[in-house]
Amino acid sequence: MEVLIRTVTVGFSQVFQPANLLLLFTGVLWGMIFGAIPGLTATMGVALAIPFTFSMKPISGLVLLTGIYIGGVSGGFISATLLNMPGTPSSITTCFDAHPMSKQGKSGLALGLGLFSSFFGGIVGVIFMISLASLIARAALKFGPFEYFSLAVMAFVAVSSMLGGNIVKNLIGIALGLLLSCIGPDPITSIPRLTFRFSELHGGIALLPLLVGLFCIPEIIVDIESEVERIVPKESRGMKLSDVLQAAKILFKQIGNALRSFVVGFIIGVFPGIGGATANIISYGLARSSSKHPEKFGTGIPDGIIASEVSNNASIGGAMVPLLALGIPGDAVTAILLGGFIIHGINPGPLMFKYNPDLVFGVYAAQFWGNVVMLLLGISLMKFYIYSLSFPKQYLLPLITVCAAVGAFGLNNRIFDIWVMLIFGIVGYVLKKLDFPVLPIIIAFVLGPIAESNLRQGLTASIGSFWPIFTRPLSLTLLILAAFLFVLGRILVKKGESARC
């Protein structure tokens, strides 16, 4: 209760400053546009926006990035409905019923269901996030070096087992990310490592060029390769919105489906490295298996849209819990948000709740009002989103590429970072063609220094003994939880793959 009161008094007062409120509206609008374009995900939207936050106050920058995160995940239902193309990976199963409903002449209803379901999952997720993050952060204050190392191991296990696909590729991705994190100064002695006589690498590889290269550039290349003239066709401009509000009544009638999907999405979001894509696949499978009419799924039934969109937005609140409480990113977007925190000199985790409580409450409030803004903009500007995305790709993609280059350059004002972005863009494109996931690389790159420095500090304190990793209760508990997540992850992945069939 105390946290909720302080969120209302302190956090809301920060968000409702005119400049921050404008940034929140801008961020949600930006995110929904990125989410609605197939390939231009919330991850790309947040990555490209980070350079614009350099000169802002920390709370202002985080308000903008939070709005983009919410809008980006929510906006994926637009192209999923109209084009049968998920705007984000979190909207994969939205296509199964939203597009058939749209083809039946019910585009407004399908978009309304996606919009109100996204709002329900997001707003309830914020309430649970506020309740859990502070409790976990207080417990994390008892962590020592070995506990943080075990926590990083748990994150690596969760990513490799729950991400889906080939687990060997996931583990190779983690190994590659750990190798990249070793480039630069040793965290204990500051001696340069793996720099290959490049003075620019003495400080290590910057996070932002790496993120933009691995996530943004490959998607741009794929869109260039496609034969379509416009990513979103002109025909979508004539959509009617007269029956959008009717979707709220349908959602209310299916509150049981919505609550079940929320629980699945939020819990999966808490597990590091999984995200909304897995959540919406599993939620869709559960909705179909629990339905009295499973044969109607895939033909335009509201149940499937609600299950998909509630779960993927619930995963936002879930993914923010480990980020804020432990400094562990819950998915690809929160990995980039972690970079946004670090750029502003803030290290998410239990100490942030102690030394920067006002910032925490500001993030809480931004999450809450971001969902409200998303609903309002979704209702009033749906046609604008579609119009904005229907420009020829030869104009749209160069603009995005320039923004990516400016973002990479703006971090340290170095041309070298643009080359880093381009090199990792090519690497990311090759990995995409090989169906090789890049999320494990990012998670390992971010958490690698944390794992290494804490392990070495612990070994120094224990005079070189590894036994405290297994004898300290919290550390052992985290390792046991890691083993449990590995088994659970393989089970959930198999269920998700069966739901796709």
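Residues numbered from 1 in each chain as written. Predicted model: local features only at pLDDT ≥ 70, side-chain atom pairs only at ≥ 80, totals over all residues. Heavy atoms only, no water.

### Quick notes on the overall build of the protein
- Looking only at helices and strands, one finds 22 helices and 2 strands in the protein.
- Burial statistics for the protein: of 501 residues in total, 60% are counted as buried.
- Long-range contacts, defined here as pairs at least 24 residues apart, represent 78% of the contacts in the protein between residues at least 6 apart.
- Within the structure as shown, the protein displays about 20,300 Å² of accessible surface, and the carbon and sulfur contribution to it stands at 70%. (Helix = DSSP H or I, 4+ residues; strand = E, 2+ residues; numbered from the N terminus. Buried < 20%, exposed > 50% of the residue type's maximum accessible area, 1.4 Å probe, protein only. Contact = heavy atoms within 4.5 Å. Areas by Shrake-Rupley, 256 points an atom, 1.4 Å probe, with all protein chains shown as cover.)

### Concerning the packing of aromatic side chains
- Throughout the structure, instances matching the rule amount to 8 aromatic pairs.
- Taken together, the ring pairs in this structure connect Phe16, Phe368 and Trp369 into an aromatic cluster. (Phe/Tyr/Trp six-rings, centres within 6.5 Å; stacked < 30°, edge-to-face > 60°.)

### A few points about the nonpolar core
- Tyr69, Ile205, Leu324, Phe341 and Tyr364 are the most contacted members of the largest nonpolar core, which totals 136 residues.
- A total of 13 residues in this core trace back to one element, the largest contributor, which is helix α6 (residues 107–140).
- Counting 5 residues, the second largest nonpolar core, distinct from the first, contains Tyr284, Phe297, Ile301 and Ala307. (Core = buried A, V, L, I, M, F, W, Y, C linked by side-chain atoms within 4.5 Å.)

### Concerning the environment of asparagine 312
- Turning to its location among the elements, asparagine 312 is positioned in helix α13 (residues 302–326).
- Residue classification places asparagine 312 among the buried residues on the basis of a relative accessible area of 0%.
- Between the C-alpha atoms of asparagine 312 and glycine 269, which are 43 residues apart in sequence, the distance is 8.5 Å.
- A distance of 3.4 Å separates the side chain of asparagine 312 from the side chain of glutamate 309, its partner in a polar contact.
- In terms of polar contacts, asparagine 312 uses its side chain to reach the side chain of asparagine 313, at 2.7 Å. (Polar contact = N/O pair within 3.5 Å; in protein donor to acceptor, adjacent residues only side chain to side chain.)

The values are spatial; any link to function lies outside them.
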